6 protein chains.
Amino acid sequence: MNPKIITLGEIMMRLTPESNQRFTQASSFGAVYGGAEANVAVSLAEWGFDVSHLTVLPENDLGKAVIKSLRKSGVKTDLVRMHAGRLGLYFLEVGAMQRASKIIYDRADSAFANLDPDQFDFETIFKGVDWFHWTGITPAISENTYLLTLKAIKAAHQQGVKISADINYRRNLWKYGRSPLETMPDLMQYSTLMVAGETDLENCAGINSKDFQSACANAKEKFPGIQFITSTERNSISATHNQLVGILWNGETLRSKRYDMPGIVDRIGGGDAYIAGLIYGLHYFDPQKALEFATAASVLKHSIPGDANEISVEEALMLVEDKNVGKLLR
Amino acid sequence: MNPKIITLGEIMMRLTPESNQRFTQASSFGAVYGGAEANVAVSLAEWGFDVSHLTVLPENDLGKAVIKSLRKSGVKTDLVRMHAGRLGLYFLEVGAMQRASKIIYDRADSAFANLDPDQFDFETIFKGVDWFHWTGITPAISENTYLLTLKAIKAAHQQGVKISADINYRRNLWKYGRSPLETMPDLMQYSTLMVAGETDLENCAGINSKDFQSACANAKEKFPGIQFITSTERNSISATHNQLVGILWNGETLRSKRYDMPGIVDRIGGGDAYIAGLIYGLHYFDPQKALEFATAASVLKHSIPGDANEISVEEALMLVEDKNVGKLLR
Amino acid sequence: MNPKIITLGEIMMRLTPESNQRFTQASSFGAVYGGAEANVAVSLAEWGFDVSHLTVLPENDLGKAVIKSLRKSGVKTDLVRMHAGRLGLYFLEVGAMQRASKIIYDRADSAFANLDPDQFDFETIFKGVDWFHWTGITPAISENTYLLTLKAIKAAHQQGVKISADINYRRNLWKYGRSPLETMPDLMQYSTLMVAGETDLENCAGINSKDFQSACANAKEKFPGIQFITSTERNSISATHNQLVGILWNGETLRSKRYDMPGIVDRIGGGDAYIAGLIYGLHYFDPQKALEFATAASVLKHSIPGDANEISVEEALMLVEDKNVGKLLR
Amino acid sequence: MNPKIITLGEIMMRLTPESNQRFTQASSFGAVYGGAEANVAVSLAEWGFDVSHLTVLPENDLGKAVIKSLRKSGVKTDLVRMHAGRLGLYFLEVGAMQRASKIIYDRADSAFANLDPDQFDFETIFKGVDWFHWTGITPAISENTYLLTLKAIKAAHQQGVKISADINYRRNLWKYGRSPLETMPDLMQYSTLMVAGETDLENCAGINSKDFQSACANAKEKFPGIQFITSTERNSISATHNQLVGILWNGETLRSKRYDMPGIVDRIGGGDAYIAGLIYGLHYFDPQKALEFATAASVLKHSIPGDANEISVEEALMLVEDKNVGKLLR
Amino acid sequence: MNPKIITLGEIMMRLTPESNQRFTQASSFGAVYGGAEANVAVSLAEWGFDVSHLTVLPENDLGKAVIKSLRKSGVKTDLVRMHAGRLGLYFLEVGAMQRASKIIYDRADSAFANLDPDQFDFETIFKGVDWFHWTGITPAISENTYLLTLKAIKAAHQQGVKISADINYRRNLWKYGRSPLETMPDLMQYSTLMVAGETDLENCAGINSKDFQSACANAKEKFPGIQFITSTERNSISATHNQLVGILWNGETLRSKRYDMPGIVDRIGGGDAYIAGLIYGLHYFDPQKALEFATAASVLKHSIPGDANEISVEEALMLVEDKNVGKLLR
Amino acid sequence: MNPKIITLGEIMMRLTPESNQRFTQASSFGAVYGGAEANVAVSLAEWGFDVSHLTVLPENDLGKAVIKSLRKSGVKTDLVRMHAGRLGLYFLEVGAMQRASKIIYDRADSAFANLDPDQFDFETIFKGVDWFHWTGITPAISENTYLLTLKAIKAAHQQGVKISADINYRRNLWKYGRSPLETMPDLMQYSTLMVAGETDLENCAGINSKDFQSACANAKEKFPGIQFITSTERNSISATHNQLVGILWNGETLRSKRYDMPGIVDRIGGGDAYIAGLIYGLHYFDPQKALEFATAASVLKHSIPGDANEISVEEALMLVEDKNVGKLLR
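Residues numbered from 1 in each chain as written. Chains lettered and ligands numbered in written order. Predicted model: local features only at pLDDT ≥ 70, side-chain atom pairs only at ≥ 80, totals over all residues. Heavy atoms only, no water.

**Student:** What exactly am I supposed to notice about the overall build of chain A here?
**Tutor:** Within chain A one finds 11 helices and 14 strands. Compactness check: chain A gives a C-alpha radius of gyration of 19 Å against a globular reference of 20 Å for 330 residues, within 12% of the reference. Along the longest, intermediate and shortest principal axes, the C-alpha atoms of chain A span 50 × 50 × 40 Å. Considering only contacts in chain A between residues 6 or more positions apart, those separated by 24 or more positions represent 67%. (Helix = DSSP H or I, 4+ residues; strand = E, 2+ residues; numbered from the N terminus. Rg over C-alpha atoms; globule rule 2.2 N^0.38 Å. Contact = heavy atoms within 4.5 Å.)

The following block contains the structure:
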């Protein structure tokens, strides 16, 4: 039977001007629905996991559109609640050449931010679940979503559910009163897999280290339950030309192949594709292969429009083996 | 010299699914910027008035896009201020046949709603101005925008500026604490021209009457300064087939020709085009011709995509005379 | 608990030139996935029924796209099988004014047509199911699909599942050897609800009658289990202007309101929306209201691009009561 | 063998803003190539005539695009010459509702206007040709194109080629020095079929009459060789709703069915489709049927985007018989 | 006089999702018509050859669209026959970055596959013809198309027509019973120019060699009439970045310049453009220049959307000389 | 107070096929309005200068569209005059890979070319103006525009306005009788800043030199008032991959960083963005920083669709410092 996983997080509408236009030029916007955690859910569902995404959406047609979008990707929506409120959204201006991409967030005061953390019965929800995935974005949004995250993590831990945490420190959130340093460690401690770069570890766990390897060692000391810490190295040569390496620490530090990525189609969701790849990989492969799989999945995501990584397990594995690269498959 | 007019009000981004799609089907949205008052400003600027629109916008690229949009139409932006915050927006699903059009508002907590009413020096602003136009939407948004409206109206009145008020009662606003009945009459009393149907007069001035004629007489009694009260009769046969008549009370009740409007392209801004037409018409024509001009301008607006009524004075006058209707002009 | 329904039938890709272009002008085609039975499934799922669609798809990305499309609408895909083969498709040229719409079918030899009728264990499948819906298209495609239909109907009947049959006689199918007259009556006999006009009854059950009323009486005599026979009267004034009345026989002949439909957006799926409306209505309303609901649902379908009738129960009910027609709902 | 016909005239690029936008809103323009005479050529080639279009094009890629466009429709291009110069073009703003459509011409000084009238050996060209079609636009453009028309008509007449002339009086042409009244009668006299309304006959032949019937009688007196004079009555209810009747005088005045045309897709080329229909019809049908065929062909043209009337003979004949109107043909 | 050439082969509709979308994301498909042999025909017609393409198409509007497409490019369609049946088609998913492009073929049972090989009178057809071009795809489709190819080749050979054969071995064809090894040599033996890589020679002629040079020598031994064997070396760095070298054996092995091709627009038809370039080049240039011309033509094809290589001879020659590369030509 | 600048020059409509199509493939064209001098105006207005553009436009809706376009960018239009005539336009085919971009000009006989040079009162116009910018295109168009340029330059010089001249020698202009060598030096002599490469200096001032440095020295000798001469070195690797260096001579020759530009979005206006950058930079920075700013501004322009360089001063400065390059700014 396929692993059962729950993901938790806000889903936003992404609005993107077409054809490399700047915000001030746009007369139409492409729209997709996504979020760091939902994007992980989508990848895992595409690959056969049994995934439910837990979120709160506005009780209107935009909320319904989000649900349809999740269902289309095979993500279960039984843990979605709808309430009065607005859908968080953000505007993405896609850069080109040296010109950077820009995001204007408009997510404050969303139905998700204002959710009632007590409406979910986590004890029941986590029965029979294998894995729970959350990110540092959720506790950064509001007191309500912080409380929700806390309850979820505790319930998951109590039921023996494995936990992955994408720390994902965002300076422009954390406006509601709590500080990440005082808040995050309690949440992070139960993680089996932690997605965190050195900045994340510094800002959210107070870990200052000379490099990733020693930061991980320190994190392990602080949070002994952690088995894996992972991050990626992204080198941005231009808005459409990046390079990517995946890094996985499990006592020692493993590194994936380095990928050159000219001609990027859409980099949003690239990190989430990586995380999904790692969760998938750690279920079926050894750590090095899991890492290679995750990085290949992330690379392929950059070739696909939208947040969702609509690739098969086979396609990522072929890329790991340098097969079919850029070919015309008849 | 051309009349100098100031308009005041919020400008929002309108996001519309393409090709009659429902919200749940849309993967892209057309975007235009507009607002009830700014739409009036645009019409008058297109027709040669010297128009400044006073508003507050977010200090980001979307705010800049609004400014560009105003400038493109010839509206002056010297009274625009930019502050931190978000741009109000709304989603419009365009109906078809019997299926109604739907709006999802997402305008709460905008930079405009949170504006500081004291940042404008209205005494200076209204020097040399001929006309001031406001709507009942602005005092319905927030205490701040109510105060701004009040200050503006008082200063305008004091300087002898003529005032038009589009009452435009919106049940889904007025959430911040004040009631329209207690708030609006003080604002309405200084109007020369009032745009109000019977519902508006009842909800905002407590005037209950058996018909428009007597409602207007009662309003005149209550607000003796008023010279004109106007409204339109719209008959919605389907989402793309309406009928329209303009009505103008100035002691007696004048009615325009009745227009049949099958094949509507975009009805948003139709009422604003009418008001602009009346303001224009009352400067240059007798009341009946002003009314005919306004109604013709409104009809033509329904044939044009976007909020802005990009028509010439001549085109509306030709329609008043039933000339060039549906022709191919070489 | 919501009624549980199974629908059975082929799903095709519909390819449509854009902007009223003729086939010989088209350089791009809009694509949606649909089928007479799946369209019924989608409507019922949108309205809260628990719906599984049984079909066979090609084991390729186009097959996956069909599955995603079903899931998006909330239809369960546990009864979908994938095999080698092609996806049936058809090209639709959308007419305008007097110019008719045209379909070029390219559905022969599809994975569905070549399915193995023995791969489904219908005894298990129909456990706990309330309703089964099939159409006369399926037995008309191939011996295999005829056999599948036969097995399904028998199993459903045996388990006490109510059955609706959309006779839907298509002259251009029935090429594989069987004649409708010899084949269909055995399949039709178990229906509770039959969708059939006089031509259908004549061609598939040999019933010649002077009018719909007497045709129904004759059908009832021949198939005593039938409780309802339904049809629509469509008057095509032009490609985008039709009129529609729903008719329901249950001993006497009920007629719905007559709807005028100028400005049709997409008429494909209009009949399927009607059938879904009737199935829904007969679960919750009296026959006349069910008929009115079904006709209103069908009318609204004509305003929506694509095969799927993305409307709510409430919207159809409002139309039944002539409310919100063509309005702008804020 | 199919009739052999030569058409002569300028081909222009038509640039049209999309989605009912006004010129001042457009950021992209649809482009097609057409001209009054080439449109006739295209219809006749689609229907099986052996058609060559004689014209002069600029020797650049836009000229090549015109040639490709002709070839696509089956029109022969052996009589096309390419020279230095520009391609004439015009901008078309498509109206909606009461708002008229507008054309901005930009055709002056084109390669066609500046052509050398002596470069064509008409004696050879007209060998074996059955029919020659020209319009009053060509002699109105420049002295060169006037001379070309004169030479062509004389050579055609000398070789016994039947001639159709679409008088098509355009006030905004005739700028190069000649007056239509002094110029056109010499050209018109050789026509077998003349397309001319009362205004055309007045402006180009000095014929003032109380109605079409008597104008035709006078024209016959003046140009005894003429056998048919034809025109259409177009009633423009709105930009997208016209009514059309074809009229054919051949001693008596025949009238076609009256067609109601709501939902017009593209009216450009509607008149040319009518003329082509008449030329076709007079080859194969009696005058009344020819007239009905021509009018039906013209009606169908209004349902098709672009100048070219991509319909079959059968489709027009079906419409003559009121068959298939607005149906869905499977 | 320009060389007269006949090409023979199936033409398919190519359906391509837009903007790098995956099949599972696409809601619209761009459509072009092409085929390996027709693409050669189009290039040669654009360059002034007198080209007729022989094929069989379905007798419907899609078949007509194919004919219009050929005519637009200047290819004669007098050898096209239309019969009942379907148009073969294929879906192309355009890759990006490392992600490969994918083709889903849906060409089985087409009107072409089911053609009657005896309907063409090849003796008459090849009179006065200079060159005949066929590919190994045609005999791989069906017994009928094999027989057609055989008859055509024999007749061409008998009349002294030069023959080029693009071996183009496709593993996923050859399903109808014949084996390439037993079938192809008889067809290949009459070629003057053979397009074949080592795999083609191995699979279709049983020639196993250590390299291209010796494979060619062996082929020459086996088929003494052959004068030229050609192939290309394509290095796929990514889906949009390839490198290309042309190779021509005529006793010795010539190699073209190596082209770097980042930013490929459309690689379909790249090989056909090469072959057309070689056929053209061998008529006018020495072998090395012919090879350079062919390779340059192929490179330019990669910059053009669609199958057709809409470039001029001059443009390819400029690229051979490294002139105008990437410039802005005013 | 912001510097006040006047620019003078023709504005044309640019028509561009979409998606890398060739002219012969295009069925729609994107449209923007621009010109070498207006593009400079737009950049400077975006950056806060007080800019008026002086030009003559046709008195029709296309002329109005140009005015709206200028206003949108913040350029004042008080010096725009409208007269009968046509709008100059050009067609741009965007190249790809090795395939060059191509322009077909259609600008002859425009309203601008036929302007009356005496309609502008330059003495009044230049009061209080800081800078005047013109290019060598204007005197190359017609005698009228030559005279206009001459009058403008003299008046500007007399009033102490600083002058920048973009020599911009165009071989395909200068058709009206004057030779650049006899005409340009008189116009060039008053420049403070001259944009000129060696070819420009040779063709317009008869300066032959072994390199840019000595050409500049010679120019300084000939035109002692000149303080700066500038040019760029562009290396075109492909149509979408260029390299750029800015060069500024002010006695010595300064060079900017060399930028690699793969993935160019739109190179039109790249040079104008550079010139605007230099004019801006020389107002606020030292020459080296001004040069770096100008080159960075030009590089960023290549990433933006359209002629207008919609970037902020900050964005160009960040690029000068290699910051934010290709990042995702949240």
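So that's the structure; there's more coming.
**Student:** Where do I start with the interface of chain D and chain F in this structure?
**Tutor:** The parts lose accessible area when they come together, and the size of an interface is often stated as this lost area. Facing the 24 residues of chain D at the interface are 24 residues of chain F. Together, the buried faces of chain D and chain F total about 2,000 Å²; carbon and sulfur atoms form 64% of this surface. Three residues, Thr24, Phe29 and Asp61 of chain D, lead the burial of chain D against chain F; their summed loss comes to 27% of the area buried on that side. The tally of links from chain D across to chain F stands at 4 salt bridges. (Buried area = accessible area lost by both parts, 1.4 Å probe. Salt bridge = Lys/Arg side-chain N within 4 Å of Asp/Glu carboxyl O.)

**Student:** For this particular structure, what's the right way to read the nonpolar core?
**Tutor:** As a rule of thumb, soluble globular proteins bury nonpolar side chains together. One finds Met13, Leu44 and Phe91 of chain D together with Met13, Leu44 and Phe91 of chain F to be the most contacted residues of the largest nonpolar core, which totals 131 residues. In this view, phenylalanine 91 of chain D contacts Leu15, Phe23, Phe29, Lys102, Ile103 and Ile104 of chain D together with Met13, Leu62 and Leu89 of chain F; residues no more than four positions away in its chain are not counted. (Core = buried A, V, L, I, M, F, W, Y, C linked by side-chain atoms within 4.5 Å. Buried < 20%, exposed > 50% of the residue type's maximum accessible area, 1.4 Å probe, protein only.)

**Student:** Would you mind going over the side chain of glutamate 292 of chain A with me for this structure?
**Tutor:** Residue and element names in this part refer to chain A. With respect to the helices and strands, the residue glutamate 292 is situated in helix α10 (residues 287-301). Of the side chains bearing the opposite charge, lysine 257 lies closest to the buried glutamate 292, which forms no salt bridge; the N-O distance is 5.6 Å. Side-chain polar atoms of glutamate 292 contact the backbone nitrogen of lysine 257, separated by 3.1 Å. With sequence-adjacent residues up to four places away left out, glutamate 292 is seen in contact with Arg255, Ser256, Lys257 and Val320. (Lys, Arg positive; Asp, Glu negative; His and termini not counted. Polar contact = N/O pair within 3.5 Å; in protein donor to acceptor, adjacent residues only side chain to side chain.)

**Student:** I keep staring at the pattern of salt bridges and nothing clicks. Help me out?
**Tutor:** Between side chains of opposite charge, a pair can form as their charged atoms come close. Applying the stated rule across the entire model yields 108 salt bridges over all chains. Residue arginine 22 of chain C pairs with glutamate 315 of chain D through a salt bridge whose shortest N-O separation is 2.7 Å. With one member in each of two chains, arginine 22 of chain C in the loop between β2 (12-17) and β3 (28-34) and glutamate 315 of chain D in helix α11 (residues 313-320) form a pair that bridges those chains. Judged by its relative accessible area of 23%, glutamate 315 of chain D falls in the partly exposed class. In this structure, arginine 22 of chain D engages glutamate 93 of chain D in a salt bridge whose closest nitrogen and oxygen atoms are separated by 2.8 Å. Here glutamate 93 of chain D lies in strand β6 (residues 89-93) and arginine 22 of chain D lies in the loop between β2 (12-17) and β3 (28-34), a separation of 71 residues in the sequence. Each of the two residues, arginine 22 of chain D as well as glutamate 93 of chain D, counts as buried. One network of salt bridges, in which partners are shared, links Arg22, Glu93 and Arg99 of chain A together with Glu315 of chain F.

**Student:** Help me understand the interface of chain A and chain F in this model?
**Tutor:** Listed per partner, the contact involves 24 residues of chain A and 25 residues of chain F. Between chain A and chain F, the buried area comes to about 2,000 Å², and carbon and sulfur atoms account for 55% of it. Run the count over chain A and chain F and you get 1 salt bridge. Here chain A is connected to chain F by 11 residue pairs in polar contact (both at pLDDT 80 or more). Secondary-structure elements contributing two or more residues to the side of chain A that touches chain F are β7 (101-106) and β11 (228-238) of chain A. Taken together, the residues of the side of chain A that touches chain F sort by class into 9 nonpolar, 10 polar and 5 charged. One ladder, built from 2 bridges, connects β7 of chain A with strand β15 (residues 328-329) of chain F; its direction is parallel. Within β15 of chain F, the residue paired with serine 101 of chain A across the bridge is leucine 328 of chain F. (Nonpolar A, V, L, I, M, F, W, Y, C, P; charged D, E, K, R; others polar. Pairing = 2+ DSSP bridges.)

**Student:** Explain the pairing of strand β8 (residues 131-135) of chain C here, please?
**Tutor:** Side chains on a regular strand alternate between the two faces of the sheet. Residues and elements named next belong to chain C. Of all 5 residues that make up β8, 5 are buried, and the element is covered over most of its length. Side-chain alternation along β8 places Trp131, His133 and Thr135 on one buried face and Phe132 and Trp134 on a second face that is also buried. Sheet analysis places strand β1 (residues 4-8) next to β8, joined by 3 bridges and oriented parallel. By the bridge assignment for β8, isoleucine 6 is matched with phenylalanine 132. The sheet contact formed by β8 and strand β9 (residues 162-166) spans 5 bridges and is parallel. Each bridged residue has a counterpart across the sheet, and for phenylalanine 132 the counterpart in β9 is isoleucine 163.

Geometric descriptors of this kind do not, in isolation, establish any biological role.
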